[in-house]
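Next come the chains, spelled out residue by residue.
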Amino acid sequence: MSSANHTSSVSDASDLITASMYFREVRAFELFVAVAIFVTIRSLRKKKHRGLAVWPVVGMLPSLLLGLRHDMYEWITTVLIKQNGTFKFQGPAFTNLQCVVTADPRNLEHLLKTNFSSFPKGEYFRSILRDLLGEGIFNADDEEWRRQRKAASTEFHSPAFRAMTVDSLVELVHARLLPVLDESYSKNESIDLQDVLLRLTFDNVCMIAFGADPGCLRPGLPEIPFAKAFEDATTATVIRFVTPTAIWKALRFLNLFHERSLKNCLTAVDDFAYKVIGGRKKELLAALDASKSSATDESIIPCSRSDLLTVFMGLKDDQGSAFSDKFLRDICVNFILAGRDTSSVALTWFFWLLSKNPSVEEKIVKEVRGLVKEREILREGKVVDDEKIIFSPEEMKNVPYLQAALSEALRLYPSVPVDHKEVTADQVFPDGTVLKKGTKVIYAMYSMGRMESIWGEDCRKYKPERWLKNGRFSSESAYKFTAFNGGPRLCLGKDFAYYQMKFVAASILYRYRVNVVKKHPVSPKLALTMYMSHGLKVTVERRN
Ligand code: HEM
């Protein structure tokens, strides 16, 4: 009995333990279910408020990843439209992905102009780009930026500089671009127009910055080590934006993965830059010696270059000393980054849009032919030889429809699709969004071109006419049409870029019809600049 009792009490005890474990498990399970329901409701409620679900730990990352699977820019646009132009993105707790995204022109004016000094590029972004851009204009804030902006701005508006940019472009288009197109026409082969245009603008901006021509745009389209290193360095730098700071810094220290390739590419970029700087110094010294002895030797011509490198070599820093080689390298590399692919990708989207809108192309060709007719009238009916037609800068000021068609392409496909700032003091945007000190602000130029609230119901339509008033080009507020940025940091190369794009477009369209290869896939690439992911395969056809 006692043993039976004992057995029964042991079994009761074990039943009790099992029961208490069961209840603990059930409680744990219930608790888990309750927490899951709470999180889901919280997420859904936040989704209601912010347009995107906020998950524990990972924040809005799942929605972002879903967006990345398709078209990232369209995803941002959809969210912005739903949120009336601004939303707060909450990334995973352990990353730098917390920011405010806006496409509201009032906010743009606030951050680019009215409160410019409270919205610098900021240390977060500058530290990512420092290895590539150093302290150059693109990566500088405050006094350092102001000094470079002033010097470069004076240079950009000087007649010598303008003449040099015109000469270099004429040479590149007529001696290099048109022959490459002609070869493709004669061989009846397709070419990647984006690649050809990228080569053109890379050579052009190197001539402007370094006074040196890397020769990317040549028959056979060779691979140029400096251009390749520059391209790869930019790509490797972009990876830092999606890598937690501590990780990319550790990888840099250990010289691993993309940080190793970045280091190698930067070595190649620096080698090229310092070689040109060294060569130019020797050239300038020789010119100086020559000018001293020019009284006796008239055959020696003093150096009269007007590229940025030469100009900055002649300037002094705040202490009255010549700029260091590192600083000169930074200036040139920054200008190359600014001008190397912005105009070419804009032209690529422009030619693609023309292929979809033949009536626009017809109007441009008519306008450009009008310029040639005017020449014939001036020459009293004498026909001008097509091969010899080189459009002048004055003629390029007189093509409002072409200017409108290019602006419209930039409105829909801005070369810089998104840009960033960091807030230095607590702020409130005009739309009421509260910004805490240190908040990163992303402004989405791509989305701005697709907001009905800004451009009307036909905002997605390619319609150059929206830029014309009584046949004249009418520009838009820089806070509505933000392709060139606005305020004190408005693109320094804007006028040159328009001239360059008009000249290239007119020179091509006057001579060729550009046909996009059937079924060629077209989509934007996720990068700092709005490239087409697969380039733009075209065939060219000579016009009558
Ligand atoms: C279609 C062509 C172009 C577009 C759409 C464009 C757009 C822009 C944008 C959006 C910025 C602001 C970037 C930022 O601060 O983060 C910028 C700045 C700048 N751009 Fe352009 N750009 C173009 C062509 C050029 C060219 C050809 C050059 C020079 C040869 C150039 C030189 C610069 C410079 C130096 C800055 C820095 C200005 C500063 O920070 O004060 N750009 N550009």
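Residues numbered from 1 in each chain as written. Predicted model: local features only at pLDDT ≥ 70, side-chain atom pairs only at ≥ 80, totals over all residues. Heavy atoms only, no water.

A few points about the site of the ligand
Okay, step 1: Around the ligand, 26 residues are found, and the nearest of them are Lys121, Trp145, Arg149, Asp419 and Cys491.
Okay, step 2: Aspartate 419 places a side-chain nitrogen or oxygen 2.8 Å from an oxygen atom of the ligand.
Okay, step 3: Sorting the residues of the shell around the ligand by element identifies α6 (142-156), α13 (325-340), α14 (342-356) and α19 (494-511) as the ones contributing at least two each.
Okay, step 4: Taken together, the residues that form the shell around the ligand break down as 16 nonpolar, six polar and four charged. (Near = heavy atom within 4 Å. Polar contact = N/O pair within 3.5 Å; in protein donor to acceptor, adjacent residues only side chain to side chain. Helix = DSSP H or I, 4+ residues; strand = E, 2+ residues; numbered from the N terminus. Nonpolar A, V, L, I, M, F, W, Y, C, P; charged D, E, K, R; others polar.)

Some remarks on the sheet that holds strand β3 (residues 191-192)
Okay, step 1: Read across the open sheet, the three strands follow the order β3-β11-β10; overall the sheet is antiparallel. Strands at the two margins of the open sheet, each flanked by one partner only, are β3 and β10 (512-516).
Okay, step 2: Where β10 meets strand β11 (residues 537-542), five bridges bridge the pair, whose relative direction is antiparallel. If you follow asparagine 515 over to β11, its bridge partner there is threonine 539. (Pairing = 2+ DSSP bridges.)

A few points about the nonpolar core
Okay, step 1: Phe350, Ile364 and Phe391 are the most contacted members of the largest nonpolar core, which has 157 residues in total.
Okay, step 2: The leading source of residues in this core is α19, at 12 residues. (Core = buried A, V, L, I, M, F, W, Y, C linked by side-chain atoms within 4.5 Å. Buried < 20%, exposed > 50% of the residue type's maximum accessible area, 1.4 Å probe, protein only.)

Observations concerning the pairing of strand β4 (residues 418-422)
Okay, step 1: Counting buried positions along β4 yields four of five residues, so the element is predominantly enclosed.
Okay, step 2: Two strands pair when backbone bridges link them, and β4 and strand β7 (residues 440-444) are joined in this way by five bridges, in the antiparallel orientation. Within β7, the residue paired with lysine 421 across the bridge is valine 441.

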